[in-house]
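Residues per chain, in single letters:
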Amino acid sequence: MEKAMKIGGMMCGHCSARVKKALEAVEGVEAAEVSHETGSAVVRCNDTVTEEMLKEAVENQGFDVL
């Protein structure tokens, strides 16, 4: 399954790399594609992953889920 997210506060490639690493550390996430240019992420994961789990991972890095 794929989940799309809008993320605020990412300004550079380093920011998107931090978010990607945080999302991929969530149990059940297979891969994450993150773009600071579009302020978005697409996460490929199994059905045990909730929106709240992904939101928490992003917010723990200091970014906002919109």
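These lines cover the structure that appears in this document, whether it is placed above or below. Keep in mind the model is a prediction, meaning the values are calculated, not measured.

Let us now look at the pairing of strand E3 (residues 40-45). Of the strand pairs in this sheet, strand E1 (residues 2-8) and E3 are connected by 5 bridges, and their pairing is antiparallel. Looking across to E3, one finds that Glu-2 is bridged to Arg-44. Both strand E2 (residues 29-35) and E3 contribute to a ladder of 6 bridges, which runs antiparallel. Bridge pairing in E3 links Ala-31 to Arg-44. Between the end of E2 and the start of E3, which pair antiparallel, lie 4 residues, with Gly-39 showing a positive phi angle near 65°.

Glancing now at the sheet that holds E1. Read across the sheet, 4 strands follow the order E2-E3-E1-E4 without closing on themselves; strand pairing throughout is antiparallel. The outermost strands of the open sheet, each flanked by one partner alone, are E2 and strand E4 (64-65). On the sheet, helix H1 (residues 13-24) packs against E1, E2 and E3 and is oriented at approximately 165° with respect to E2. Sheet strands in contact with helix H2 (residues 51-59) are E1, E2, E3 and E4, and its direction is about 35° off that of E1.

Next up on the list: the packing of H1 against H2. Relative orientation of the contacting elements H1 and H2 amounts to 140°, with a least axis distance of 9 Å. Classified by the angle between their axes, H1 and H2 sit oblique to one another. Two packed elements cross with a definite hand, and for H1 against H2 that hand is right-handed. On H2, the residues touching Val-19, Ala-22 and Leu-23 of H1 are Leu-54, Ala-57 and Val-58. When grouped by side-chain class, the residues that make up the contact of H1 with H2 number 6 nonpolar, no polar and no charged.

Rules and cut-offs
Residues numbered from 1 in each chain as written. Predicted model: local features only at pLDDT ≥ 70, side-chain atom pairs only at ≥ 80, totals over all residues. Heavy atoms only, no water. Pairing = 2+ DSSP bridges. Helix = DSSP H or I, 4+ residues; strand = E, 2+ residues; numbered from the N terminus. Contact = heavy atoms within 4.5 Å. Axes fitted to C-alpha atoms, helices over the stretch in contact; angles between N-to-C directions. Parallel < 35°, antiparallel > 145°, perpendicular 65-115°, else oblique. Left-handed = near helix turned anticlockwise from the far one by under 90°. Nonpolar A, V, L, I, M, F, W, Y, C, P; charged D, E, K, R; others polar.

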